[in-house]
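Structural overview
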Amino acid sequence: MVGRSGDSSHPPSRVQREREAGQLSPPRPRLAAAFASANSAAHLEASPLRRSHLGTHLRAAASAGRRKRRRRRLPALPPRLPGPPAATMSASAVFILDVKGKPLISRNYKGDIAMSEIEHFMPLLMQREEEGALAPLLSHGRVHFLWIKHSNLYLVATTLKNANASLVYSFLYKTVEVFSEYFKELEEESIRDNFVIVYELLDELMDFGFPQTTDSKILQEYITQQGNKLETAKSRVPPTVTNAVSWRSEGIKYKKNEVFIDVIESVNLLVNANGSVLLSEIVGTIKLKVFLSGMPELRLGLNDRVLFELTGLSGSKNKSVELEDVKFHQCVRLSRFDNDRTISFIPPDGDFELMSYRLSTQVKPLIWIESVIEKFSHSRVEIMVKAKGQFKKQSVANGVEISVPVPSDADSPKFKTSVGSAKYMPEKNVVIWSIKSFPGGKEYLMRAHFGLPSVEKEEVEGRPPIGVKFEIPYFTVSGIQVRYMKIIEKSGYQALPWVRYITQSGDYQLRTS
């Protein structure tokens, strides 16, 4: 019979019996409270429910003790190093495909995606193309294909992660640039003829999905066209790979130390049929050609508005420009530029692009175009185009080409120009008016006459804009200037910097009425 909690007739518990017989060791101090409850047989009585409560209580107390001891035994962990962000560049594999989508060569960097997944790329591409929804990123299940096309090749990177797409595309375009440096023309034949070198380059360009050495000049130091010639006595890790300055080799020597600086600005312009400017911007690049010995440090000074404000020159007569979207070569010390706007760097040897910038500013059209298109008796069309140079008279635009659209069914062309020559290009439905030299402030005229044999089936055709190409040396439309170029080298040699300014057309279009 089950007794109540105060019933003295209840038989002694198993714990009490074993402790009295000396078979049970004293409870640990941390479990004393639990065993005190167990010693009270009246508390437990014989109820299975109460026994289960005790078991749970004992297990919880023991587990807490084990965790406490484990925490005491384990040494303190070092602080966690910051890792890459969740959305970082991480390509699982890179494929080079022919124009039909057949893999020519591939490199599996991570092994987390089956290489057979590339078989889904071309059907997916063709399907999107038919639907008119072609995109640079295609997905099949959990696999993403990031691709570009160059000549008759597709370069495809695959990934499972939320990768930084812009970095992946930058890597693919950089791969094209490196291959082009090696093979001059990157196409299917050059890949087939250089399988060994291509595979070596893919091995050096990326490791475990992350870009490594992507400078073609550095790669050419140890991956050569004669890749099968091995000289063990000379085999060593190129110092540029382990240097802090990985983009420049040590021991470079020149008899004459020179630096050539090209400031090139492209003008993007869109003018509507009424003559109003819809879009106007300047995209500039500063390119260097460096022939300097040793490890020189260069400092470039521009008429940067922010720099003038920092140095108190903003109120002076010096003209300044406000640079936007500035992008630098990896050699530039960004921390110093952020602090005091000084462009300080150790340059690579030879040609490279130091920086690029953009200015969203209202630009007066450098070459203004007016056009009149007249149709007569539904049998002919006459076009008159007037071009005027709206830049300084002492400057001259070279290689001017004005593309004037004509109806697709036009024939029997006749031209009359006040300067230069005109040529009809029926495959593009345009007339190209070429002017070798176009001085500022001058005005020229071209007339064109075409027959229209099929006007009976006249359809409403959209009128493409007039396009203009030109290049004006010794002139920058933004007014940017190189104020100084300091060259510091421990040997103390003297070097000559040369500066050249060029303004050229970018996407330069004028719509017709």
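Residues numbered from 1 in each chain as written. Predicted model: local features only at pLDDT ≥ 70, side-chain atom pairs only at ≥ 80, totals over all residues. Heavy atoms only, no water.

Within the chain, Phe 208 stands out as a residue other than glycine whose phi angle is a positive 50°. For Phe 208, the location among the structural elements is in the loop between strand 6 (206–207) and strand 7 (210–211). Residue Phe 208 is classed as partly exposed on the basis of its relative accessible area of 47%. Of note in this structure, Asn 429 is not a glycine but carries a positive phi near 55°. Counting through the fold element by element, Asn 429 comes out in the loop between strand 18 (421–425) and strand 19 (430–439). Look at Asn 429 and you get partly exposed, because its relative accessible area is 25%. (Helix = DSSP H or I, 4+ residues; strand = E, 2+ residues; numbered from the N terminus. Buried < 20%, exposed > 50% of the residue type's maximum accessible area, 1.4 Å probe, protein only.)

Residue position: Tyr 154 is located in strand 5 (residues 153–159). On a C-alpha basis, the gap between Tyr 154 and Glu 187 in space is 9.8 Å, while along the polypeptide they are 33 residues apart. When neighbours within four sequence positions are excluded, Tyr 154 is seen to be in contact with Phe 95, Ile 96, Leu 97, Asp 98, Val 99, Phe 121, Met 122, Leu 125, Trp 147, Ile 148 and Lys 149. (Contact = heavy atoms within 4.5 Å.)

Glancing now at the nonpolar core. Where a protein is soluble and globular, its nonpolar side chains tend to be buried together. Counting 69 residues, the largest nonpolar core has Ile 286, Leu 288, Leu 300, Ile 343, Phe 345 and Leu 354 as its most contacted members. Sort the elements by how many residues they give to this core and strand 8 (residues 258–271) lands first, with 6 residues. Leaving out residues up to four positions away in the same chain, Leu 354 has contacts with Ile 286, Lys 287, Leu 288, Leu 300, Lys 327, Phe 328, His 329, Cys 331, Val 332, Ile 343 and Phe 345. (Core = buried A, V, L, I, M, F, W, Y, C linked by side-chain atoms within 4.5 Å.)

Before going further, it helps to examine helix 8 (residues 195–205). If you check which residues of helix 8 are buried, you get Ile 197, Val 198, Leu 201, Leu 202 and Leu 205. Down the axis of helix 8, the smallest arc covering the buried residues is 140°, so these residues share one side. (Arc of directions from axis to C-beta.)

This part is about the sheet that holds strand 14 (residues 367–376). Strand order in this open sheet of 4 strands is 14-15-20-17, and the pairing throughout is antiparallel. Strands with a single pairing partner mark the edges of an open sheet, and in this sheet they are strand 14 and strand 17 (411–417). Within this sheet the neighbouring strands show an average axis-to-axis angle of 15°, counted without direction. In the sheet, strand 15 (residues 380–389) pairs with strand 20 (residues 443–451) via 9 bridges, with the strands oriented antiparallel. Within strand 20, the position partnered with Ala 387 by the bridge is Tyr 444. (Pairing = 2+ DSSP bridges. Axes fitted to C-alpha atoms, helices over the stretch in contact; angles between N-to-C directions.)

The next point concerns helix 5 (residues 121–131). Of all the residues in helix 5, the buried ones are Phe 121, Met 122, Leu 124 and Leu 125. Seen end-on, helix 5 carries its buried residues on one side only, within an arc spanning 160°. In this structure, helix 5 carries Glu 130 and Glu 131 as exposed residues pointing more than 90 degrees from its buried face. On the buried face of helix 5, the contacting elements are strand 1 (93–97), strand 3 (137–140), strand 4 (143–150) and strand 5. Once helix 5 finishes, Gly 132 follows within two positions and takes phi at roughly 70°, a positive value.

If you trace the 3 strands from one edge of the open sheet to the other, you get 12-10-22, paired in antiparallel fashion. The two strands at the open ends of the sheet, each matched to only one other strand, are strand 12 (343–345) and strand 22 (482–488). For this sheet, the mean inter-axis angle between neighbouring strands, taken without regard to orientation, is 15°. For strand 10 (residues 297–302) and strand 12, the ladder comprises 3 bridges, and the chain directions are antiparallel. Residue Arg 299 lies in a different strand from strand 12, and its bridge partner there is Ser 344.

Positionally, Ser 190 belongs in helix 7 (residues 188–193). Overall, the relative accessible area of 10% leaves Ser 190 in the buried class. Polar contacts involving the side chain of Ser 190 include one to the main-chain carbonyl oxygen of Glu 187, which spans 2.7 Å. Sequence-distant contacts of Ser 190, that is, excluding residues within four places in its chain, are made with Phe 183 and Glu 185. (Polar contact = N/O pair within 3.5 Å; in protein donor to acceptor, adjacent residues only side chain to side chain.)

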